[in-house]
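Overview (structure and organization)
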Amino acid sequence: MTDSKYFTTTKKGEIFELKAELNSDKKEKKKEAVKKVIASMTVGKDVSALFADVVNCMQTDNLELKKLVYLYLMNYAKTQPDVAIISVNTFVRDCEDPNPLIRALAVRTMGCIRVDKITEYLCEPLRKCLKDEDPYVRKTAAVCVAKLHDINAQLVEDQGFLDALKDLLSDSNPMVVANAVAAISEILETSTTAQPSLEMNSGTINKLLTALNECTEWGQVFILDSISNYAPKDEKEAQSICERVTPRLAHANAAVVLSAVKVIMKYMEILDIHGDYVTMLVKKLSPPLVTLLSAEPEIQYVALRNINLIVQKRPDILKNEMKVFFVKYNDPIYVKLEKLDIMIRLTNQGNIAQVLAELKEYATEVDVDFVRKSVRAIGRCAIKVEQAAERCVSTLLDLIQTKVNYVVQEAIVVIKDIFRKYPNKYESIIATLCENLDTLDEPEARASMIWIIGEYAERIDNADELLESFLEGFQDENTQVQLQLLTAIVKLFLKRPTDTQELVQQVLSLATQDSDNPDLRDRGYIYWRLLSTDPAAAKEVVLAEKPLISEETDLIEPTLLDELICHIASLASVYHKPPNAFVEGRGVMRRSLPRNQSGEAGVSDLTADVSPPPAQQSTVIPGVDSLIGDLLDMDIGGPTPYQQQQMMGQIPPSVPASTGAVDLLGEGLDNLLGGGGGGMDTLGGLSDIFGSSAQTSSYTPPQEVWLPAAKGKGMEVTGTFARRNKKIYMELTFTNKAMQPMMNFAIQFNKNSFGLQPASPLQIQSPLPPNQSASTSLHLNTQGQIQKMEPLTTLQVAVKNNIGVFYYSCQIPMHVLFTEEGEMDKKDFLASWKEIPAQNEVQSTITNVQHNADTVSQKLRNNNIFTIAKRNVEGQDMLYQSLSLTNGIRILAELKIQPGMTNFTLSLKCRVQDIYPFIQQAFDQILHN
Amino acid sequence: MIHSLFVINCSGDIFLEKHWKSVINKSVCDYFFEAQTKASNPEDVPPVIVTPHHYIIHIFRNKLYFVAVLTTEVAPLFVIEFLHRIFDTMVDYFSECSETSLKEHIVVVYEILDEMLDNGFPLAVESNVLKELIKPPNFLRTIADTVTGKASGFGATLPSGQLSTVPWRRTGVKYTNNEAYFDMIEEIDAIIDKAGIAVTAEIQGYIDSQVKLSGMPDLTLTFVNPRILDDVSFHPCVRFSRWESEKIVSFIPPDGQFRLMSYHIGSYNSVNLPIYLKHSIAYREGSGGKFDVTIGPKQNLGKTIENVVLQVQFPKTVLSATLTSNQGKNSFDPVSKLMTWDVGRIDPAKLPNIKGS
């Protein structure tokens with residue numbers, strides 16, 4: 001008597017047969033028929049035609065039959081709303097049934113029927129059930145509120161169910177509390193209007209913590225998740241919550257453990273980092289995380305993704321647990337790759353030997369992806385731990401000796417990175433690398449090898465032959481390889497001009513005449529022109545010293561990391577993306593880590609904000625994938641302003657014009673000049689900026705490139721800050737380097753330390769035709785929202801045009817924030833000076849100032865630093881000065897000037913110590929201007 | 001919360017779907033199939049898959065994929081743990097969880113799933129509560145049903161354990177023989193280097209219990225040296241505060257079989273291996289290699305070591321292996337390149353050894 005027989009009826013008249021059976025008088029037959037219907041439903045067959053007949057079976061005393069009909073109803077009510085309405089009466093009656101099981105079942109099923117007409121009738125029974133004497137019914141009703149909210153949010157809020165739900169948080173039964181919490185968190189996730197009425201306070205948190213010990217494991221997950229969203233008032237509260245949450249770390253359910261980890265990780269931010277308590281917590285966190293790794297592979301995977309975040313935030317938690325991340329032979333591949341990632345993060349000088357031995361083993365494994373990643377990992381070890389670089393390199397060489405094709409290729413790619421990190425150190429191995437030249441067939445490996453040859457052309461005797469061999473199949477190569485080959489040959493030519501002239505001509509003509517790729521052609525032309533006009537300049541551009549690559553290329557950006565830490569144990573932590581990046585169409589709350597508030601002044605806004613998107617730092621760390629791209633770009637100075645300027649300095653503006661390329665280049669150079677702000681007034685658009693900076697006597701720093709064209713899809717933004725007529729201005733120059741006109745410019749600031757915001761909309765020439773720039777002064781006020789930034793003077797800006805929205809961040813020079821009202825009375829000054837404790841005083845030296853005391857005080861006064869008194873003590877001039885910031889912070893200063901000496905001593909006194917470095921910087925800049 | 005569940009067999013048929021909220025078309029599984037075809041092994045499908053509108057989390061057990069579909073941000077571990085629980089419950093009910101057994105009891109399965117989750121929230125997951133709500137199918141009941149002519153798989157009353165503070169135990173349990181069994185299972189993960197010395201060793205241990213006691217028994221379990229346990233996790237029935245303060249495991253056990261605790265002993269404590277291995281393995285380019293492994297007991301405390309099985313995963317390049325052992329049977333699977341040697345009992349006088357090329 002098994003259920004499989006229900007699957008066997010595949011006859012044509014099946015539906016009719018069932019219909020007849022459903023209407024039969026015999027209860028047994030009816031039940032069998034309903035079972036058949038359910039069986040068809042589970043496999044996805046459409047049995048909605050039987051709706052009316054099945055619903056007719058609902059009025060029965062038989063609980064099993066009732067349940068089966070309810071199952072059917074939940075699935076199909078939506079398709080037949082009119083017939084579904086006849087079931088309402090039975091539901092309402094069942095809600096009054098003496099048996100709590102039936103009451104709960106009815107209210108539960110009603111919530112699952114997503115038909116508007118039915119929901120109207122649901123309200124009354126639901127209200128009763130929320131206050132039912134039986135906790136089983138109450139707990140079911142709590143979930144039902146969430147269901148109803150999903151169907152009709154407005155109705156739930158109007159009917160006051162939210163308050164009823166909140167009352168359930170104080171229920172005597174922990175199971176009811178847990179379900180209420182779950183329902184609340186689900187409602188909060190989808191609705192913003194429900195927010196205020198469901199806000200957690202310390203009272204409710206306390207109740208939740210009490211319920212935490214007694215409710216089921218699933219309930220614990222919900223409770224822990226909502227505790228993690230609560231921002232404790234102070235350190236003490238955070239500590240007491242942590243104390244009550246730590247026992248959960250020993251739970252058998254991995255979900256509970258990870259949720260508890262989340263709460264603790266988040267609250268640790270508030271606690272005193274050097275306190276004993278944090279040290280103890282750190283100790284307690286490590287064993288449960290390790291234990292998660294002996295669970296099923298799926299759990300391991302999620303745990304590893306989270307551990308990846310945790311070790312980035314707090315490396316000390318797992319620093320001694322390297323061994324547990326060693327890969328087991330039978331781990332699924334996704335676990336292996338994650339473990340490898342974490343191993344690299346935990347690598348340090350102490351355990352490098354162990355790690356390296358492991359990695360070497362992995363590199364001889366069979367799975368290609370895994371082997372590649374292992375080889376790459378060895379390279380990353382070398383870059384991360386300098387002391388071990390040598391050993392890593394020799395390991396890589398051993399691997400190259402294995403002659404396994406993909407291992408060799410991968411090894412060459414990482415060796416290139418090692419060369420970039422430690423130039424002129426390991427060049428002895430180049431010979432070995434060259435032996436493997438023929439086996440390379442992947443573009444990345446070929447490009448890396450070519451880069452190495454080009455970079456060290458002077459040490460490789462047959463570099464020209466090697467490069468020439470690559471050149472034979474130039475047309476068939478990947479673009480990456482072509483570009484690299486072009487650059488490498490130019491480098492070779494610059495280093496050994498005598499015997500490689502033919503080669504360079506060949507490659508330039510290949511690149512400029514036979515190629516369809518605009519990047520390649522442009523680069524070819526640039527090199528050609530550079531070489532033909534001024535080889536010395538070309539040398540300086542092409543062979544310029546390259547910045548070392550950063551140690552950790554794939555660290556998550558700190559702000560994002562902080563946000564992700566708030567989402568430990570959730571999907572976001574698995575994807576390493578904030579939820580708003582992948583949850584569609586929902587007003588997802590952004591969460592931010594709470595901060596330790598002690599010792600911070602004027603910073604109050606800690607709550608999460610919804611509006612401004614995360615502004616990207618303009619110094620983005622390149623990802624591993626883009627490394628090679630960067631490397632290529634570097635040669636011609638695409639995105640790095642430093643090299644642009646260098647290039648401009650080298651080339652005289654009167655470029656002899658003969659070929660078609662000149663126009664293109666000439667114009668490009670003009671724009672570069674404009675962007676760089678070199679100070680030539682050949683460009684009309686720029687002159688008014690320089691003019692304005694001459695009018696005002698206050699110091700305006702030169703414009704710098706805030707948004708390079710490469711990041712702004714052709715829009716370059718340069719700018720600076722100035723203070724004129726008691727107002728702060730942001731001087732902006734927009735340059736359109738794209739091929740199409742730009743329009744609809746707009747600007748917005750993120751919250752910042754001083755509440756700077758635009759006082760008027762951005763006024764700028766629009767549309768801005770290609771290859772033109774436009775300048776504007778944007779008036780700013782300080783009435784915006786305040787949030788402390790790190791560093792303090794960072795301002796994150798979003799600029800919009802018809803192409804897109806771009807983000808960059810810039811530093812506000814402190815002195816534009818000095819107000820005209822900063823002058824103090826002598827008595828006040830004296831009193832304030834004494835009032836501020838002596839430990840707040842810091843001294844610094846300003847070197848190499850060529851002014852006497854009078855010009856100094858004049859210069860400072862122009863920038864709203866007021867000299868209140870001047871004394872002469874033992875031949876030294878002492879200037880006592882005061883200034884005040886837009887947010888009311890007053891700073892007192894004492895400047896000691898010795899005649900004949902160019903070094904001044906500056907003492908600062910203020911109640912807020914964070915700003916000292918910026919004030920010192922401001923003094924320094926003003927005096928050197 | 002968990003929106004829907006699909007159960008898929010190895011050949012890619014969706015033979016069960018259950019929706020706790022609105023119905024999601026099964027075409028969502030196409031994303032899963034896409035990931036499945038990319039992976040080389042059935043185990044290698046990534047457990048979390050993101051699609052444009054849904055998130056798919058799955059576990060692979062007993063040749064079945066349990067695929068949960070979510071629409072909102074949910075803790076993935078929560079879902080994975082829950083899927084494990086579903087699997088365990090099915091095993092509990094039908095003694096195995098396979099495609100045939102699920103199909104055989106499809107209505108019961110459907111009812112169980114409905115009972116376990118409500119709107120995506122776990123409702124009743126404790127096996128004893130579930131069993132009171134939905135009676136597991138068994139032979140005796142089938143006979144009784146056919147004789148009496150009425151078959152009700154449902155308890156009509158509210159299960160008693162559901163709301164008490166000990167939800168894992170129902171009231172009024174009675175046995176004529178009161179007995180409790182505890183199994184201690186320890187898995188040792190060790191890596192042995194070329195010279196036969198253990199590089200690392202760590203223990204993952206479990207205490208599984210089978211308790212058949214009447215009434216509401218309150219049990220305690222003490223360890224001689226609890227300090228060596230690095231990390232423990234308990235069944236919810238264990239009073240954690242008492243463990244914290246006195247290192248005593250005190251609990252009211254659930255009725256029947258359950259895992260009382262699991263623990264981990266890390267590499268800081270010296271773990272003594274019960275056996276040692278002497279091996280000499282050499283591969284030669286092209287022609288083959290030599291393989292020689294001897295197993296011997298270490299400090300056996302008078303107990304003999306039994307049921308020893310040695311598995312060796314050979315590299316993919318190995319085509320065949322001819323091995324002779326002085327004891328037990330060995331076999332080599334040329335497809336998975338896995339050699340299995342069933343040694344059996346270790347006799348200290350005559351050490352088992354396997355040789356071959």
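Residues numbered from 1 in each chain as written. Chains lettered and ligands numbered in written order. Predicted model: local features only at pLDDT ≥ 70, side-chain atom pairs only at ≥ 80, totals over all residues. Heavy atoms only, no water.

By the naming in an unreviewed UniProt entry, chain B goes by MHD domain-containing protein and is assigned to Candidula unifasciata.

Per an unreviewed UniProt entry, chain A goes by the name AP complex subunit beta and belongs to Candidula unifasciata. Of the comments in the UniProt record for chain A, the one headed Subcellular location (unreviewed entry) reads "Endomembrane system". Per UniProt, chain A carries the Sequence similarities (unreviewed entry) text "Belongs to the adaptor complexes large subunit family." (UniProt positions renumbered as here; feature names shortened; annotations may be inferred.)

Quick look at the overall build of chain B now. Along the backbone of chain B there are seven helices and 20 strands. Burial statistics for chain B: of 357 residues in total, 51% are counted as buried. Considering only intrachain contacts with a sequence separation of at least 6, the fraction spanning at least 24 residues in chain B is 57%. (Helix = DSSP H or I, 4+ residues; strand = E, 2+ residues; numbered from the N terminus. Buried < 20%, exposed > 50% of the residue type's maximum accessible area, 1.4 Å probe, protein only. Contact = heavy atoms within 4.5 Å.)

To continue, consider the pattern of salt bridges. Throughout the structure, instances matching the rule amount to 42 salt bridges over all chains. The partner of aspartate 341 of chain A in a salt bridge is arginine 380 of chain A, with the nearest N and O atoms 3.6 Å apart. A residue pair is termed long-range when its members are at least 10 positions apart, and aspartate 341 of chain A in helix α19 (residues 333-346) and arginine 380 of chain A in helix α21 (residues 368-384) qualify at 39 residues. Between arginine 376 of chain A and glutamate 444 of chain A there is a salt bridge, with its nearest N and O atoms 3.4 Å apart. Of this pair, arginine 376 of chain A sits in helix α21 while glutamate 444 of chain A sits in helix α25 (residues 443-455), and the two are 68 residues apart along the sequence. Since its relative accessible area comes to 26%, glutamate 444 of chain A is described here as partly exposed. Among the charged side chains, a salt-bridge network with shared partners connects Lys67, Arg108 and Lys147 of chain A together with Lys18, Asp114, Glu115 and Asp118 of chain B. (Salt bridge = Lys/Arg side-chain N within 4 Å of Asp/Glu carboxyl O.)

Often the size quoted for an interface is simply the accessible area lost on bringing the parts together. Each partner contributes residues to the interface: chain B has 92 residues there, and chain A has 86 residues. Buried surface at the junction of chain B and chain A, summed over both partners, amounts to about 7,500 Å²; 62% is from carbon and sulfur atoms. Inspection of the region where chain B meets chain A yields eight salt bridges. As a salt-bridge pair, aspartate 118 of chain B and arginine 108 of chain A come within 3.7 Å of each other at their nearest N and O atoms. When its residues are assigned to classes, the side of chain B that touches chain A shows 46 nonpolar, 23 polar and 23 charged. (Buried area = accessible area lost by both parts, 1.4 Å probe. Nonpolar A, V, L, I, M, F, W, Y, C, P; charged D, E, K, R; others polar.)

For the pair helix α18 (residues 297-313) of chain A and helix α2 (residues 76-94) of chain B, the least separation of the axes is 10 Å and the interaxial angle reads 170°. Taken together, α18 of chain A and α2 of chain B sit at an angle that is classed as roughly antiparallel. Counting all contacts with α18 of chain A, which are made through Glu298, Ile299 and Val302 of chain A, the residues of α2 of chain B involved are Pro76, Leu77, Ile80, Glu81 and His84 of chain B. Grouping the amino acids of the contact of α18 of chain A with α2 of chain B by side-chain chemistry returns five nonpolar, one polar and two charged. (Axes fitted to C-alpha atoms, helices over the stretch in contact; angles between N-to-C directions. Parallel < 35°, antiparallel > 145°, perpendicular 65-115°, else oblique.)

Attention now goes to the nonpolar core. Tyr72, Phe325, Leu359 and Phe419 of chain A together with Phe66 of chain B are the most contacted members of the largest nonpolar core, which totals 275 residues. In terms of residues, this core owes the most to one element, helix α16 (residues 254-268) of chain A, which gives 12 residues. Not counting the four nearest positions on each side in its chain, phenylalanine 419 of chain A is found in contact with Tyr426, Glu427, Ile429, Ile430, Leu433, Trp451, Ile452 and Tyr456 of chain A. Residues Ala738, Leu792, Val816 and Tyr916 of chain A belong to the second largest nonpolar core, which totals 62 residues. (Core = buried A, V, L, I, M, F, W, Y, C linked by side-chain atoms within 4.5 Å.)

Residue and element names in this part refer to chain A. At their nearest, the axes of helix α14 (residues 217-228) and α16 sit 9 Å apart, and the two run at 15° to each other. By the criterion of interaxial angle, the relationship of α14 to α16 is roughly parallel. Viewed along their axes, α14 and α16 form a crossing whose handedness is left-handed. Contacts between α14 and α16 involve Glu217, Gln220, Val221, Leu224, Asp225, Ile227 and Ser228 on the former and, on the latter, Ala255, Val256, Ser259, Ala260, Lys262, Val263, Lys266 and Tyr267. A breakdown of the residues in the contact of α14 with α16 according to their chemical character gives eight nonpolar, three polar and four charged. (Left-handed = near helix turned anticlockwise from the far one by under 90°.)

All names here are of chain A. Positionally, proline 81 belongs in helix α5 (residues 81-84). Note on proline 81: relative accessible area 29%, which makes it partly exposed. A C-alpha to C-alpha distance of 8.5 Å links proline 81 and isoleucine 118, two positions 37 residues apart in sequence.

Let's shift gears to the pairing of strand β1 (residues 2-9) of chain B. Residues and elements named next belong to chain B. Within β1, eight of the eight residues are buried, which leaves the element mostly enclosed by the surrounding structure. Bridge analysis of β1 against strand β5 (residues 64-70) gives seven bridges, and the strand direction is antiparallel. Across the sheet, residue serine 4 finds its bridge partner in β5, namely valine 69. Turn length for the β1-strand β2 (residues 14-19) hairpin, with the two strands adjacent in sequence and antiparallel, is four residues, and the turn residue glycine 12 shows positive phi of about 90°. (Pairing = 2+ DSSP bridges.)

Residue and element names in this part refer to chain A. Pairing in this open sheet of five strands is antiparallel, and the strands run β9-β13-β12-β11-β10 from one edge to the other. Edge strands, defined here as strands with exactly one partner in the open sheet, are β9 (842-846) and β10 (866-873). With direction set aside, neighbouring strand axes in the sheet form an average angle of 20°. Here helix α39 (residues 916-928) sits on the sheet in contact with β9, β11 (876-884), β12 (890-897) and β13 (904-909), set at roughly 145° to β13.

Glancing now at the confidence of the model for chain A. The predicted model of chain A has a mean per-residue pLDDT of 77, with 85% of residues at 70 or higher. Low pLDDT (under 50) marks residues 585-589 of chain A, which in the prediction has eight contacts with non-local residues, meaning those over four places away or in another chain. (pLDDT = per-residue confidence, 0-100.)

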